[in-house]
Amino acid sequence: TVYSYLQPFSDIGLQMVYAGTSAKHLKKVMSSMAHEVEHMHKKGLSKSELEYYKTQVIGSLVLEADDIENRMNSLGYNEMTFKEYRSVDQTISDLEKVTVDSMNVFLKRYFETARLGAIVVGDVNEDRTKGIIRATTGHS
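Residues numbered from 1 in each chain as written. Predicted model: local features only at pLDDT ≥ 70, side-chain atom pairs only at ≥ 80, totals over all residues. Heavy atoms only, no water.

Looking now at helix H2 (residues 47–64). Under the 1.5 Å per step criterion, the end-to-end length of H2 is 26 Å for 18 residues, consistent within 8% with the ideal 26 Å. Residues of H2 that are buried: Leu50, Lys54 and Ile58. Take H2 and look down its axis: the buried residues cluster within an arc of 65°, on one side only. Within H2, the exposed residues directed more than 90 degrees away from the buried face are Ser48, Tyr52, Thr55 and Leu63. (Helix = DSSP H or I, 4+ residues; strand = E, 2+ residues; numbered from the N terminus. Expected span 1.5 Å × (residues − 1). Buried < 20%, exposed > 50% of the residue type's maximum accessible area, 1.4 Å probe, protein only. Arc of directions from axis to C-beta.)

Below, the structure is given as structure tokens:
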């Protein structure tokens, strides 16, 4: 299992990538994840990748709007972050304004491997994780 998500706060946020794997594949999975972040930082996103992302996010926003718990969470998040109500339509409109250039500027600024961190949970000894990010990207 692999997925990513954004954890926004009022003054900062975290972009996280989660991967569930066995200890046997840990090094390969973590190396692959670090490689993909490095690739995004260096190469950026293509127009087709950005359009795919927008379609996924817009679809999620529309589907989540039908769920009362998601709507309440959204209201709370909007109040804490924006200090105002933001409708789904307004959010979609803002998302549609994102361009390949603006996204790639963001990636260059925030997706650098020097800022990566990792948390490994499970029955894994330190030898399996030591130096994985450093070995793949040159950073610790």
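On to the pairing of strand S1 (residues 2–8). In this structure, S1 lies alongside strand S2 (residues 13–19), joined through seven bridges in antiparallel fashion. Paired with Tyr3 across the two strands is Tyr18, which belongs to S2. Following S1, the chain reverses through four residues before pairing antiparallel with S2. (Pairing = 2+ DSSP bridges.)

Interpretation in functional terms is not warranted from these geometric data alone.
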